[in-house]
Amino acid sequence: MIRFLIDSASDYDAKEAESRGIEYVPITVTIGDRAFSDNGELSKDQFYQMIQESEDFPKTAQPSPQEFLDIFERIKEEGDTLICILLSSGLSGTVQSATLAKNMADYEQIYIVDSLTATYAIKVLADYGLKLRDEGKTAEEIVESLENLKSKVKIYAVLDTLENLYRGGRLSKLEAGIGNIAKIKPLITITEDGKIGVKAKSIGKKKAFNDITKLIASEEIDTNFPIYSLYSFGLENNEIFTENVRKMGIEFTDRLQIGPTIGTHIGEGAYGIVLVCR
């Protein structure tokens, strides 16, 4: 039997993953002296409220090789095949942990797909993999299809605040201060090599809404795949964004909340889209 494994940076709902038979490896999030697994232990809203109230910036830790190995050994014992679709190697060492565990398990029927993306873009890949499996495709065919698809899955998002980038050490205090005064709203994406890239530095909310909708309009969207509207904490910006996109004749499949692994760095008020290009 072909089975799938994802990590919690996919933001795939843990209960939904379990109901679909997907193995789920949580990433650990630490805020101050409290550590929790990103597996639904806290709701996403509770997480954002915690980081607003805490003086300590959240830290995330990739799963250890042992966490993967425990699953790999069980899969090996059961004689199944496992396809792992994991957070981009450009953002985390999760792929490296899984690769080490695969070598330790010494089992050829484990396939590791570096998604080169994050959050619900991984969900798109995983759900497509399940669909192909149910259509009778082999593991090799599924992996090849996922490798071809992953470069077509796009994430575009606008950050409403620079505070989290500053607190996480990705911006200096001066850069964050200048950015906030200028009301800069970065339009970000995940690049082809799986890292965070900046598509635009929009000045003000109105310009940011215009810039992201223009970017979406420039893409040839494959409507055979879902289109997800994303938000972090607070729906106001997302609702304006969603309405703007609908005026373009694009309908969203669902509105989904970004979880702790990515939400740590983007902060409240962020909004965006996951889509697949032809």
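Residues numbered from 1 in each chain as written. Predicted model: local features only at pLDDT ≥ 70, side-chain atom pairs only at ≥ 80, totals over all residues. Heavy atoms only, no water.

**Some points on the overall build of the protein chain**
Spelled out, the test is: In this description a helix means any DSSP run of H or I spanning at least four residues, a strand means any run of E spanning at least two, and both kinds are numbered starting from the N terminus. All radius of gyration figures rest on C-alpha atoms, and the globule criterion is 2.2 Å times the number of residues raised to 0.38. We call two residues contacting when some pair of their heavy atoms lies within 4.5 Å. Surface accessibility follows the Shrake-Rupley procedure with a 1.4 Å probe radius. Residue values consider only the protein chains on display as shielding. For the purpose of counting charges, residues Lys and Arg are taken to be positive, whereas Asp and Glu are taken to be negative. His and the chain ends are not included. Lys charges are placed at NZ, Arg charges at CZ, Asp charges at CG and Glu charges at CD.
On a plain count of helices and strands, the protein chain comes out with 11 helices and 13 strands. Over its C-alpha atoms the protein chain spans a radius of gyration of 19 Å, differing by no more than 12% from the 19 Å that the globule rule assigns to 278 residues. Along the first, second and third principal axes, the C-alpha atoms of the protein chain reach 60 × 45 × 30 Å. Long-range pairs, those at least 24 residues apart, make up 74% of the contacts in the protein chain between residues at least 6 apart in sequence. In the structure as shown, the protein chain presents an accessible area of about 13,100 Å², 46% of it carried by carbon and sulfur atoms. Both charge centroids of the protein chain, one from 32 positive and one from 44 negative side chains, sit 7 Å from each other.

**Here we look at the side chain of lysine 150**
Following the sequence through the fold, lysine 150 ends up in the loop between helix H6 (139-149) and strand E8 (153-158). For lysine 150, the residues in contact, after removing those within four places along its chain, are Asp114, Ser115, Leu116 and Leu125.

**Quick word on the environment of glutamine 62**
Filter applied, for reference: Polar contacts here mean pairs of N or O atoms no more than 3.5 Å apart (in protein, one a potential hydrogen donor and the other a potential acceptor; neighbouring residues in sequence count only if both atoms are side-chain atoms).
Its location among the elements puts glutamine 62 in the loop between strand E5 (59-61) and helix H3 (65-78). For glutamine 62 and glycine 259, which are 197 residues apart along the polypeptide, the C-alpha to C-alpha distance reads 15 Å. Aside from chain neighbours lying at most four places away, what touches glutamine 62 is Ser92, Gly93, Thr94 and Ser97. Within polar-contact distance, the side chain of glutamine 62 engages the backbone nitrogen of glycine 93 at 3.1 Å. Here the side chain of glutamine 62 touches serine 97 through a polar contact of 3.2 Å, side chain to side chain.

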